[in-house]
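The residues making up each chain are set out below.
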Amino acid sequence: MSRDIVVAGAGAAGMMAAITAARAGASVLLVEPNEKVGRKLYITGKGRCNVTNHCAVEEALSSTLRNSRFLYSAMSRFTPADAEAFFTDLGVPLKVERGNRVFPQSDRAADIVDALFYELRRLRVELRRDRVTGLVQNGAGTLDISTENSGVLSNCKAIILATGGLSYPATGSTGDGYELAKSAGHTVIPPAPSLVPLESPDPCCANMQGLSLKNVSLTVKNRKGKAVYREQGEMLFTHFGLSGPLVLSASAYMRDFERDSYTCIIDLKPALDGQTLDARLVRELTAGANMDMANLMGALAPRLLIPVLLDRAAIPGSKKAHDVTRTERRRLLEVMKGFSVAVSGPRPIEEAIVTSGGVKVSEVDPKTMMSKLVPGLFFAGELLDVDACTGGFNLQIAWATGRAAGEGAANHIR
């Protein structure tokens, strides 16, 4: 049985590619091993689906940390504004939140998945629960595709691989696409976790497990003391180290654990400069002169953080406030403005939001997403060696490359 276009993977990029090709008049078979489409979309944005970022193309590209130049054509032709219009036209009202993050007004990721699913159905895209296991060029200038359940699909005019990376394997991202790309002669940059929690050898993390810090500033410095990331927001201490939005974003800038080392430095009071915070400490120490420091610190820090702060400042918790010396107060100030946590590495790739690495982009046409090695073979989404910061940018990459691959495949078969 032949098909115009086979799309492998019904995630964000795959569904966009299938919709685009079908709107262009192609007959499309969408192959997905999961019972439901868009499994990963359901869990993005904590179940709310951060669809894109309400920003200009230039900002979306500057927020892309790997191979942003490769995305220029695709992103310029399907911009963040285009993505918003696409979902609005499908009947999903959107809203813009902090950091220009775009969500469905309902706060339900299911509304995004449903909109894509019903559009696939309206366009008569055939959806088949199956997995592509192999592909080969035949002498007729088309592709023969082997599948897990349906046997061989012969003489396919084009195939779009949109099988995802290795993050969240429970959603179906099991790395199949890498092997298919390699079998076609493509180079695959070794996958690594990005937007991932961080492990730390510092016992303070486990001691403060579950503590969430809001409105703190996080700076990441490398071995040479150079700041590679700085941002303000929310983070979390865990039994293994650090997590939360700030940490996930920071991890994308910590690319070289094999040759470098990193330290997270937390400013617990970023709204106050050193002089202002010191004046605040003096006021608290004066007002609570007869209090134990362990109790007085309750006005300045969360309960789980207090013993760690005092330990680092070498101030006994039982010490009376009126006995605290100027030197001890200075140490406490320094700890509060620069609470450091050494990082030993990222958590496993299975816990990452996205995968860094993938199909080498110099082997892919940036306008059409077609392989430069195998005519009729296209790539889209996380399978490519592109990834970005948090804030809807990775889904924007999926929509833009999916759109480019769908258009490219439809034009290729004409």
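Just so it is clear, the model here is predicted, and its values are computed rather than measured. (Residues numbered from 1 in each chain as written. Predicted model: local features only at pLDDT ≥ 70, side-chain atom pairs only at ≥ 80, totals over all residues. Heavy atoms only, no water.)

Participant: Mind showing me how you'd approach the side chain of serine 356 here?
Facilitator: Locating serine 356 in the fold gives a position in strand β20 (residues 354–359). Of note is the side chain of serine 356, whose polar atom sits 2.7 Å from the side chain of arginine 255. Reaching out from serine 356, the side chain makes a polar contact with the side chain of aspartate 387 at a distance of 3.2 Å. Those residues in contact with serine 356 that sit more than four places away from it in its chain are Arg66, Pro190, Pro191, Ala192, Ser194, Arg255, Asp385 and Asp387. (Helix = DSSP H or I, 4+ residues; strand = E, 2+ residues; numbered from the N terminus. Polar contact = N/O pair within 3.5 Å; in protein donor to acceptor, adjacent residues only side chain to side chain. Contact = heavy atoms within 4.5 Å.)

Participant: How should the sheet that holds strand β21 (residues 377–379) be read in this particular structure?
Facilitator: In any sheet, the strands associate via hydrogen bonds between backbone groups, in a parallel or an antiparallel arrangement. Taken in spatial order, the five strands line up as β7-β2-β1-β11-β21 in an open sheet, and their pairing is parallel. Looking along the sheet, the strands with just one partner apiece sit at the ends: β7 (126–129) and β21. The sheet shows a mean angle of 20 degrees between the axes of neighbouring strands, direction not considered. Each of β1 (5–8), β2 (28–32) and β11 (158–161) touches helix α1 (residues 12–23); the most contacted strand, β2, lies at about 170 degrees to it. (Pairing = 2+ DSSP bridges. Axes fitted to C-alpha atoms, helices over the stretch in contact; angles between N-to-C directions.)

Participant: When you look at helix α5 (residues 109–122) in this model, what are you seeing that I'm missing?
Facilitator: Owing to its 3.6 residues per turn, the α-helix brings residues three or four apart onto one side. With 14 residues, α5 ought to run about 20 Å at 1.5 Å a step, and its terminal C-alpha atoms sit 20 Å apart, in line with that. Looking only at α5, the buried set comprises Ala109, Ala110, Ile112, Val113, Ala115, Leu116, Glu119 and Leu120. Contacts from the buried residues of α5 go to α1, β2, α4 (80–89), β6 (101–104) and α13 (393–413). Phi for arginine 124, located one or two positions after α5, is positive at around 60 degrees. (Expected span 1.5 Å × (residues − 1). Buried < 20%, exposed > 50% of the residue type's maximum accessible area, 1.4 Å probe, protein only.)

Participant: What is the right way to read unusual backbone geometry from this model?
Facilitator: Backbone geometry places asparagine 155, a non-glycine residue, at a positive phi of 55 degrees. Looking at the element boundaries, asparagine 155 is found in strand β10 (residues 151–156). For asparagine 155, a relative accessible area of 37% translates into the label partly exposed. A positive phi angle is found at alanine 314, which is not glycine, with a value near 55 degrees. Looking at where alanine 314 falls in the secondary structure, it is placed in the loop between α11 (306–312) and α12 (326–337). On the basis of relative accessible area, alanine 314 is assigned to the partly exposed category, the value being 45%.

Participant: Sorry if this is basic, but what is going on with the packing of aromatic side chains here?
Facilitator: For any pair of aromatic rings, the description consists of the separation of the ring centres together with the inter-plane angle of the planes. Scanning the entire structure with this criterion turns up seven aromatic pairs. Aromatic pair phenylalanine 86 and phenylalanine 87: ring centres 5.0 Å apart, planes at 90 degrees, arrangement edge-to-face. The pair formed by phenylalanine 86 and phenylalanine 87 is uniform in burial state, with each residue classed as buried. For the pair phenylalanine 237 and phenylalanine 339, a centre-to-centre distance of 6.4 Å together with 80 degrees between the ring planes defines the contact as edge-to-face. Placement of phenylalanine 237 in strand β15 (residues 227–237) and of phenylalanine 339 in strand β18 (residues 339–343) is noted, with a sequence separation of 102 residues between them. When sorted by exposure, phenylalanine 237 lands in the same class as phenylalanine 339, which is buried. Connected via pairs of aromatic rings, a cluster forms that spans Phe78, Phe86, Phe87 and Trp399. Just above the ring of phenylalanine 103 sits the side chain of arginine 48; from NZ or CZ to the centre is 3.9 Å. Arginine 312 extends its terminal NZ or CZ atom over the ring of phenylalanine 339, reaching a point 4.0 Å from the ring centre. (Phe/Tyr/Trp six-rings, centres within 6.5 Å; stacked < 30°, edge-to-face > 60°. Lys NZ or Arg CZ within 6 Å of the ring centre and 35° of its normal.)

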